[in-house]
Amino acid sequence: MGWTHLLAHGIPVWGNLTNGGAFEPDELLQEVRAMPGLRRAHFAMPPRWLRPVERIELDYSMITFTISDPDGAITSKLLTGRVALFRKEVAIQRWVNKPALVQCSHCHALGHIRSSRSCPLERDSVKCHICGGAHPSDKHHQSCL
């Protein structure tokens, strides 16, 4: 359907006029709706702080939201134009999902696979996934007494 997940950086956290705390979800939505093209946009996920408010330690943080944008026009305008939230210019970018965690079946390190050049072990070397020794894992009980 053309959902676009976005991330806004540099949003002032504190300033709620009612309680002096962090901006509430309805205040975030009202402010985000004032951005170019979002007044009538359909939000699949309304704006929310990326971290729980009680864990935000700085004066500025990030929010995330998802809109319906079938032709990409709204997203293009947000990514290339200048945008402000709570009277502060902010940066908008597309949300990028973190890649799946991979583990090498050769050296057992995280972040690469056996066929990648990142593996530090020589091609004919072996490493036990149980103890890290220089023997095959299926020989662990014979090699490590």
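Being a predicted model, the structure only gives us computed values, none of them experimental.

Draft legend 1. Broad picture of the sheet that holds strand β1 (residues 3-12). Read from one edge of the open sheet, five strands run β2-β3-β1-β5-β4, paired in antiparallel fashion. The sheet terminates laterally at β2 (43-49) and β4 (83-85), the two strands that pair on one side only. The sheet shows a mean angle of 30° between the axes of neighbouring strands, direction not considered. In the packing of helix α1 (residues 25-33) onto the sheet, the strands contacted are β2, β3 (60-68) and β4, and the crossing angle to β2 comes to about 115°.

Draft legend 2. Representation of the packing of aromatic side chains. Applying the stated criterion to the full structure yields two aromatic pairs. On the numbers, 3.7 Å between centres and 15° between planes, the contact of phenylalanine 23 with phenylalanine 86 is stacked. In this pair, phenylalanine 23 is assigned in the loop between β1 and α1 and phenylalanine 86 in the loop between β4 and β5 (88-94), connecting sequence segments 63 residues apart. Neither residue differs from the other here; phenylalanine 23 and phenylalanine 86 are each classed as buried. It is lysine 88 that lies over the ring of tyrosine 60; its NZ or CZ is 5.2 Å from the centre.

Draft legend 3. Spatial organisation of the environment of glutamate 122. Note that glutamate 122 resides in the loop between β5 and α3 (140-143). Glutamate 122 gets classed as exposed once you look at its relative accessible area, which sits at 55%. Between the C-alpha atom of glutamate 122 and that of glycine 132, which follows or precedes it by 10 residues, the distance is 15 Å.

Draft legend 4. Quick peek at the pattern of salt bridges. For the structure shown, the criterion picks out one salt bridge. The salt bridge involving arginine 82 is made with glutamate 89; its shortest N-O contact spans 2.8 Å. When its relative accessible area of 44% is taken as the criterion, glutamate 89 is described as partly exposed.

Draft legend 5. Region of interest: the pairing of β3. Counted residue by residue, β3 has seven buried out of nine residues, so it is predominantly covered. The pairing of β1 with β3 spans eight bridges and is classified as antiparallel. Residue pairing in the sheet places threonine 4 in a bridge with isoleucine 67 of β3. Pairing of β2 with β3, which is carried by four bridges, proceeds in the antiparallel orientation. Directly across from arginine 48, in β3, lies its bridge partner threonine 64.

The rules behind each value
- Residues numbered from 1 in each chain as written.
- Predicted model: local features only at pLDDT ≥ 70, side-chain atom pairs only at ≥ 80, totals over all residues.
- Heavy atoms only, no water.
- Pairing = 2+ DSSP bridges.
- Helix = DSSP H or I, 4+ residues; strand = E, 2+ residues; numbered from the N terminus.
- Axes fitted to C-alpha atoms, helices over the stretch in contact; angles between N-to-C directions.
- Contact = heavy atoms within 4.5 Å.
- Phe/Tyr/Trp six-rings, centres within 6.5 Å; stacked < 30°, edge-to-face > 60°.
- Buried < 20%, exposed > 50% of the residue type's maximum accessible area, 1.4 Å probe, protein only.
- Lys NZ or Arg CZ within 6 Å of the ring centre and 35° of its normal.
- Salt bridge = Lys/Arg side-chain N within 4 Å of Asp/Glu carboxyl O.

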